[in-house]
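Inside the fold
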Amino acid sequence: MLATYPDLFAGGSVVAGLPYHCATSMVDAFGCMNNPPHKTPQQWGDLARAGHPGYTGPAPRVAIWHGTADSTVVPANATELVDQFTDLAGVSTTPTGTTSLPAGTTRTSYGDDAVVRYSVQGMGHGTPVAPGTGPVQCGQAGAYMLDTICSARHDAAFFGLTDAVDPGDPTDPGDPGDPGDPEPEPGECVTASNYAHTTAGRAYQSGGMTYATGSGDALGLWNMYVTTELEETSPGYWELGC
């Protein structure tokens, strides 16, 4: 979806997955899972660009999760994914930052967080979860849901879907226990992404575009990268600008 619909998806998370177009058949898929071909970043990037020929907009931000002990989809796939999406984003494969997270997880950033890789030490094949009710916990352990770290929580912060800090970003001044976007006082100006405005009910989306609730003011593309100011001029009635 990230390669073929970059005009619709501003970001995504690949958990224990394969590079785009590594496989075009089931036989190829098993081959990639066990021993992915080694291509240059440009070769991988070209495959992704071919998913949407002629697209010239921004590349989606990508989070890549993989367990170091995954024997079903070997960790080499994560390396090839980094090569593919850094090339698509036009950033270097040289890391720009590394942070240690819980459960032996290493977060490696490329570019201005255009691509991040999370390597979970000793984890096998599955989605990382962290059962509990804490601010950085989520999920319930089970088959392919592995008790390590809450990947969904980190992804939500990485994509800007929550106001809470991403513990992997030491430069973020947020509070890890911040419950999210508080209800503003009437007349208060709220600056947020169009996605956040929509999830909070200040706006709605139609056909991939965003409109202010009440006034219907056009806010632009419905994603987490377009930021707008909205003011509630009367209960439930929002207008563009403050």
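Refer to the preceding data block for the structure.
All of the points below concern the structure found in this document.

A closer look at the overall build of the protein chain
- Of regular secondary structure, the protein chain possesses five helices and 13 strands.
- The 242 residues of the protein chain split such that 38% are buried.
- Put simply, of all contacts in the protein chain between residues at least 6 apart along the chain, 51% involve residues at least 24 apart.
- Per element, the accessible surface of the protein chain, about 11800 Å² overall, is 55% carbon and sulfur.

A few points about the pairing of strand β13 (residues 237-240)
- As paired strands, strand β12 (residues 227-234) and β13 are joined by four bridges and run antiparallel to one another. Considered in β13, the bridge of E231 is made with E239.
- Between the antiparallel neighbours β12 and β13 lie two residues, among them G236 with a positive phi of about 75°.

Let's talk about the environment of L230
- In this fold, L230 is placed in strand β12.
- Sequence separation between L230 and T213 is 17 residues; the distance between their C-alpha atoms is 9.7 Å.
- Discounting residues that sit within four places of it in the chain, L230 has contacts with E188, C189, V190, H197, R202, A212, L219, W238, E239, L240, G241 and C242.

Some points on the packing of helix α2 (residues 41-49) against helix α3 (residues 76-89)
- Two elements in contact, α2 and α3, have axes whose closest approach is 7 Å; the angle formed by their N-to-C orientations is 70°. Considering their axes alone, α2 and α3 lie roughly perpendicular with respect to each other. Remark: the crossing between α2 and α3 carries right-handed chirality. Residues P41, Q42, W44, G45, D46, L47, A48 and R49 of α2 touch α3, and the partners they reach there are E80, D83, Q84, D87 and L88.
- Grouping the constituent residues of the contact of α2 with α3 by class yields five nonpolar, three polar and five charged.

A closer look at the sheet that holds strand β8 (residues 189-193)
- A sheet is described by the order of its strands in space; here three strands give the open sequence β8-β12-β13, paired in antiparallel fashion. Each of the sheet's edge strands pairs with one partner strand only, and the pair in question is β8 and β13. Across the sheet, the mean angle separating the axes of adjacent strands is 40° when strand polarity is ignored.
- In this sheet, β12 lies alongside β8 in antiparallel orientation, the contact comprising five bridges. The partner of S193 across the bridge, within β12, is T227.

About the criteria used
Residues numbered from 1 in each chain as written. Predicted model: local features only at pLDDT ≥ 70, side-chain atom pairs only at ≥ 80, totals over all residues. Heavy atoms only, no water. Helix = DSSP H or I, 4+ residues; strand = E, 2+ residues; numbered from the N terminus. Buried < 20%, exposed > 50% of the residue type's maximum accessible area, 1.4 Å probe, protein only. Contact = heavy atoms within 4.5 Å. Areas by Shrake-Rupley, 256 points an atom, 1.4 Å probe, with all protein chains shown as cover. Pairing = 2+ DSSP bridges. Axes fitted to C-alpha atoms, helices over the stretch in contact; angles between N-to-C directions. Parallel < 35°, antiparallel > 145°, perpendicular 65-115°, else oblique. Left-handed = near helix turned anticlockwise from the far one by under 90°. Nonpolar A, V, L, I, M, F, W, Y, C, P; charged D, E, K, R; others polar.

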